[in-house]
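Report on the structure
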Amino acid sequence: MLTQTLSNGVKMPKVGLGVYKMTDEAEAIEAITTALEVGYRAIDTATLYANEKEVGKAIKASSVPREDIFITTKVWNTDQGYNETLRAFEKSLELLELDYLDSYLVHWPVPGKYADTYKAIERLYEEKLIRVPGVSNHHEEHLLELEKTANIKPVINQIECHPRLQQNELIAFCKARDIAVTAWGPLSRGRILSDEALIKMAQKYNKTAAQLILRWHLERDTIIIPKSVTPSRIKENFDVFDFELEKEDMEQIALYDSNGRTGANSSEPDFMSHFEGM
Ligand SMILES: NC(=O)c1ccc[n+]([C@@H]2O[C@H](COP(=O)([O-])OP(=O)(O)OC[C@H]3O[C@@H](n4cnc5c(N)ncnc54)[C@H](OP(=O)(O)O)[C@@H]3O)[C@@H](O)[C@H]2O)c1
C-alpha cells in the first residue's frame with residue numbers, strides 16, 4: 001500500500017474510496033467491503049453523504065483491523081461554528097461507531113464560520129480524537145485567513161482536481177506550506193472517461209482511461225479518492241501502482257486544463273447559494 005507521510009508524520013494511503021452518493025445501504029456496504037478486500041485502506045465520507053452509519057457497519061464487519069483503515073469525514077455547512085462542530089463530530093463518531101477519526105475536515109469555507117469550525121477541529125486534534133486536522137475546498141484566501149487564527153496548520157486540503165481542473169496554483173500554494181492535497185472528483189465524476197485520445201493513450205500502457213488519469217494524479221503527488229459502486233471498477237481504480245506515465249503523456253494531459261469545474265467555486269462571493277436546501 002502506497003502511503004504519503006503527512007506534515008505531522010501520519011501516513012495516509014495514496015488511494016482511498018470515495019463514497020459520495022452511496023445512499024443505498026446494501027450498495028454502500030458492498031462497495032466498501034469490496035474495496036477493503038481489494039486492498040484499499042482509506043474511506044472518504046462526510047456528514048452530507050448520509051452514509052456514515054453504513055461506513056461504520058462495513059468497517060466493523062471487515063477482518064481488516066480498525067487501526068489499518070484511514071477514515072475521513074467532514075463537518076457539513078449547516079453544522080459549522082465552534083460548539084456546533086464539536087457536537088457534529090460526536091454525532092459522526094456515533095454513527096461510524098468509532099472512538100477516534102483519522103481525519104476530520106471543514107467541508108466548505110462557510111463565510112464567517114470556517115475559522116471557528118477549524119478551531120474546534122484543532123481542539124479535537126489536541127484531545128487526540130482525530131489524527132489529522134484538515135480542510136476542504138479552501139482556496140488561497142481561506143488558507144491565509146486561517147493562518148491568522150490557527151495554532152496548528154491544516155495538514156490536508158481536499159479540493160476538486162482532475163485533468164479539466166488541474167489546480168496547479170493552489171497545489172503549489174499548499175505544497176509550499178506542507179499541506180497535502182487530496183483530489184476529489186479525480187475522474188471528473190466520470191465525465192472525462194469517454195475521451196478518445198485518453199482511451200488511446202491508456203491502451204499504450206494496457207490500462208483504461210480511468211487508470212491513466214488516476215496514475216496522472218499520483219505522479220503529481222496528489223492523494224486520490226475515486227468513487228465507484230461497481231466491483232470491477234473498484235478493483236480497476238486500485239490497480240494503478242505498476243506503471244508510470246511517459247513525460248510526453250503528462251504534457252498531453254496538462255493541455256486538458258480548462259477550468260472545467262463540476263462543483264461550487266468557493267472563491268465566488270455567492271458560492272453558498274449552490275448548497276441551498278442541503
Ligand atoms: N470535499 C468535497 O467537497 C467533495 C465533493 C465531491 C466529492 N468528494 C469526495 O470525492 C470522491 C470522488 O469524487 P466523485 O464521487 O464526485 O467523482 P469521481 O470519483 O471522479 O467519479 C465517480 C464516477 O465515476 C464512475 N467511475 C468510477 N470509476 C470508474 C471507472 N474505472 N470506469 C468508469 N467509470 C468509473 C462512477 O460510477 P459508478 O459508481 O457507477 O461505478 C461515478 O459515476 C467522492 O465520492 C467523495 O468522497 C468530496
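Up top is the structure.
Residues numbered from 1 in each chain as written. Predicted model: local features only at pLDDT ≥ 70, side-chain atom pairs only at ≥ 80, totals over all residues. Heavy atoms only, no water.

1. What about the site of the ligand?
The cut-off we apply is this: Any residue with a heavy atom lying within 4 Å of a molecule or strand is counted as near it. In protein, a polar contact means a hydrogen-donor-capable atom and an acceptor-capable atom, both N or O and within 3.5 Å, with residues adjacent in sequence counting only if both atoms are side-chain atoms; elsewhere, any N or O pair within 3.5 Å suffices. Per-residue accessibility takes into account occlusion by the displayed protein chains alone, with areas from the Shrake-Rupley method and a 1.4 Å probe. A run of H or I in DSSP becomes a helix once it reaches four residues, and a run of E becomes a strand once it reaches two; helices and strands are each numbered from the N terminus. Three categories are distinguished: nonpolar for Ala, Val, Leu, Ile, Met, Phe, Trp, Tyr, Cys and Pro, charged for Asp, Glu, Lys and Arg, and polar for the others, with Gly belonging to the last.
Contacts to the ligand come from 29 residues, most closely from D44, L187, K227, S228 and T230. Between an oxygen atom of the ligand and a main-chain N or O atom of Y20, the distance comes to 3.0 Å. Measuring from an oxygen atom of the ligand, one finds a side-chain N or O atom of K227 at 2.8 Å. Out of a free accessible area of 900 Å², the ligand has 87% covered by protein chains. Sort the elements by how many residues they give to the shell around the ligand and helix 9 (residues 231–238) lands first, with three residues. Here the residues of the shell around the ligand are counted per class, giving twelve nonpolar, eleven polar and six charged.

2. Some remarks on the sheet that holds strand 5 (residues 70–75)
One key point about sheets: their strands pair by backbone hydrogen bonds, in either a parallel or an antiparallel sense. Operational definition: If DSSP finds at least two bridges between two strands, the strands pair. Any two residues whose heavy atoms approach within 4.5 Å are treated as being in contact. Where helices are involved, their axes are fitted lines through C-alpha atoms of the stretch in contact, as for all axes, and angles between N-to-C directions lie from 0 to 180°.
With parallel pairing, the eight strands of this open sheet are ordered in space as 3-4-5-6-7-8-9-10. The open sheet has two edge strands with one neighbour each: strand 3 (17–18) and strand 10 (223–224). Here five bridges tie strand 6 (residues 101–106) to strand 7 (residues 130–136), and the two strands are oriented parallel to one another. Opposite L105, over in strand 7, you have G134 as the bridge partner. Sheet strands in contact with helix 3 (residues 82–96) are strand 5, strand 6 and strand 7, and its direction is about 140 degrees off that of strand 6.

3. Examining helix 4 (residues 114–126)
What counts here: Expected helix span is computed as 1.5 Å times (number of residues minus one). The rule is simple: take the accessible area with a 1.4 Å probe, protein chains only, and divide by the maximum for that residue type; under 20% is buried, over 50% is exposed, in between is partly exposed.
With 13 residues, helix 4 extends 18 Å from end C-alpha to end C-alpha; this agrees with the ideal 18 Å at 1.5 Å per step. Of the positions making up helix 4, those classed as buried are Y114, T117, Y118, A120, I121, E122 and L124. Once helix 4 ends, the next one or two residues include K128, with phi positive near 60 degrees.

4. Overview of the packing of helix 7 (residues 196–204) against helix 8 (residues 209–219)
How we decide: In this scheme, roughly parallel covers angles under 35 degrees and roughly antiparallel covers those over 145, while 65 to 115 is roughly perpendicular and the rest are oblique.
Here helix 7 crosses helix 8 at 80 degrees, and the two axes come no closer than 8 Å. Taken together, helix 7 and helix 8 sit at an angle that is classed as roughly perpendicular. In this structure, helix 7 uses L198, I199, M201 and A202 to contact helix 8, whose residues at the interface are A209, L212 and I213. Looking at the contact of helix 7 with helix 8 residue by residue, the class counts come to seven nonpolar, no polar and no charged.

5. What about the environment of S267?
By the secondary structure assignment, S267 is in the segment after helix 10 (247–254). According to the relative accessible area criterion, S267 is partly exposed, its value standing at 38%. When the C-alpha positions of S267 and L212 are compared, they lie 30 Å apart, and in sequence the two are 55 residues distant. Aside from chain neighbours lying at most four places away, what touches S267 is H139 and E141. Among the polar contacts made by the side chain of S267, one reaches the side chain of H139 at a distance of 2.6 Å. There is a polar contact of 2.8 Å between the side chain of S267 and the side chain of E141.

6. Structural notes on the side chain of T222
Note on placement: T222 falls in the loop between helix 8 and strand 10. When its relative accessible area of 0% is taken as the criterion, T222 is described as buried. Sequence-distant contacts of T222, defined by excluding residues within four places in its chain, comprise K14, I171, V181, T182, A183 and H217.

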